[in-house]
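# Descriptive structure summary
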Amino acid sequence: MDLTRVRKQPLLMAVLIGIILLALFGTVLGKRAKPLPSEPVPEIAVEQPVQSVQPVQPVQPAVAAIKSHTVGEGETLSGIAEAYHIDVDTLLGANPEAGATLYPGDQLVVLPQKGVLHTVTGGDTLWRVSSIYNVEIAAILAANAKHGEGLAIGEKLFVPGGKPVAVDLPSAPASRASVSRFGWPASGEISSPFGSRWGRMHSGIDIANDIGTPVTAALAGRVTYAGWYGGYGYALMIAHGNGYSTLYGHLSAISVSAGQYVRTGQQIALMGSTGYSTGPHLHFEVRKDGQPLDPMNFLP
Ligand SMILES: [Zn+2]
């Protein structure tokens, strides 16, 4: 009886040990067997956290890319716009205070792309700004790194793709949208057009009016000549950049001097009949690289 008990117990122990060993062996086998088919898994698992650690490039708001340009001598709006790969409208729209004038040393706001810099006024909402320029609210929000928060009066909003609204530019002549921004150099009647007449080439237009009628700069620029100029009598020449210049002839008085910068519409002289002239008028020329062009193609 006692013997069977003693003999049974080690047998039970042995069976138990055997089961434990088998279990251990099984798990070891299982552990060894599993990594073989799934070896690529740990590799991906190692790479994934590296990818998520890489910083996500924050979207640069357009407002941060707005630059300032200092106007240099002889520079034109079209030249500056071209240099920044935007159009003249965009440049004009961002600089309404610049008006028709462009002086060396002027600071111009240069937008990162075609669009409008809208200054928020009282009553402006995102919806209103969106409808003014016909640009989606989401695009405006994204360009300004905004998330729908309210607008502050005086805040500048970049409206990507927005076109300047004519109402915002009250001082602008009708032709402002084009590169040409000429104004009439004098009031009066066109007594002689540009072109050949009786075998003679008329290199400008004649605007007839009384002696003493104000003569104004057709476009902002630098006076390159002021004085007697042969058959033109007392004459003025203004350089506008990009090879463009204007000439004003038969003047009775000149009120600017060579080297001086003049604004569009600034009075520069008085109409007269000096030089080869048959009556009081202004002889007005537009030249590109010295070649006379029909001024009517430039005047509003
Ligand atoms: Zn003439």
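The structure this text deals with has already been given above.
Source: prediction; values computed, not measured. (Residues numbered from 1 in each chain as written. Predicted model: local features only at pLDDT ≥ 70, side-chain atom pairs only at ≥ 80, totals over all residues. Heavy atoms only, no water.)

## As for the overall build of the chain
Within the chain one finds 6 helices and 16 strands. Relative to its 300 residues, the chain shows a buried fraction of 35%. The contacts of the chain with a sequence gap of at least 6 include a subset with a gap of at least 24, amounting to 62%. When the accessible area of the chain is evaluated, it comes to approximately 17700 Å², of which 61% is carbon and sulfur surface. (Helix = DSSP H or I, 4+ residues; strand = E, 2+ residues; numbered from the N terminus. Buried < 20%, exposed > 50% of the residue type's maximum accessible area, 1.4 Å probe, protein only. Contact = heavy atoms within 4.5 Å. Areas by Shrake-Rupley, 256 points an atom, 1.4 Å probe, with all protein chains shown as cover.)

## Focus on the pattern of salt bridges
Summed over all chains, the structure comprises 2 salt bridges. Across the pair glutamate 155 and lysine 146 runs a salt bridge, and its minimum N-O distance is 2.8 Å. The residue arginine 287 makes a salt bridge to glutamate 285 at a minimum N-O spacing of 2.8 Å. Side by side, arginine 287 and glutamate 285 carry an identical accessibility label, which is buried. (Salt bridge = Lys/Arg side-chain N within 4 Å of Asp/Glu carboxyl O.)

## Structural notes on the packing of aromatic side chains
This model, assessed by the stated rule, comprises 6 aromatic pairs. Pairing tryptophan 228 with tyrosine 234 gives two aromatic rings, centres 5.0 Å apart and planes at 90°, and the pair type is edge-to-face. By relative accessible area, tryptophan 228 is classed as partly exposed at 47%. Exposure remark for tyrosine 234: the relative accessible area of 37% places this residue in the partly exposed category. Consider the rings of tyrosine 244 and phenylalanine 298, whose centres lie 5.8 Å apart with planes at 70°: the pair is edge-to-face. Highlighted residues: tyrosine 244 in strand S12 (residues 244-254) and phenylalanine 298 in the segment after strand S16 (291-293), separated in sequence by 54 residues. A residue is classified by how much of its surface remains accessible, and phenylalanine 298, at 13% relative accessible area, is buried. Through successive ring pairs, a cluster of aromatic residues spans Phe182, Tyr244 and Phe298. (Phe/Tyr/Trp six-rings, centres within 6.5 Å; stacked < 30°, edge-to-face > 60°.)

## Here we look at unusual backbone geometry
Look at asparagine 242: it is not a glycine, yet its phi comes out positive at around 60°. With respect to the helices, strands and loops of the structure, asparagine 242 is situated in the loop between strand S11 (234-241) and S12. With a relative accessible area of 41%, asparagine 242 lands in the partly exposed category. In this model, histidine 250 sits at a positive phi of 65°, which is unusual for a non-glycine residue.

## A word on the nonpolar core
Within the largest apolar cluster, 23 residues are counted, with the highest numbers of intra-cluster contacts made by Val215, Leu236, Tyr248, Ile268, Leu282 and Phe284. Every element with two or more residues in this core is listed here: strand S8 (205-208), S11, S12, strand S14 (267-271) and strand S15 (281-288). When sequence neighbours within four positions are dropped, the list of residues in contact with leucine 236 reads Val223, Tyr225, Ala226, Thr246, Leu247, Tyr248, Leu251, Ile254, Val256, Ile268 and Ala269. The next biggest cluster of nonpolar side chains, apart from the first, holds 10 residues, and it includes Leu126, Val135, Ile140 and Leu157. (Core = buried A, V, L, I, M, F, W, Y, C linked by side-chain atoms within 4.5 Å.)

## Examining a nonpolar patch on the surface
Taken together, the side chains of Trp184, Ile190 and Met296 present a nonpolar region at the surface, about 260 Å² in accessible area. A relative accessible area of 37% places isoleucine 190 in the partly exposed class. (Patch = residues over 30% accessible without salt bridge, like charges linked within 9 Å, V, L, I, M, F, W, Y side chains within 5 Å.)

The analysis is restricted to geometry; functional conclusions fall outside its scope.
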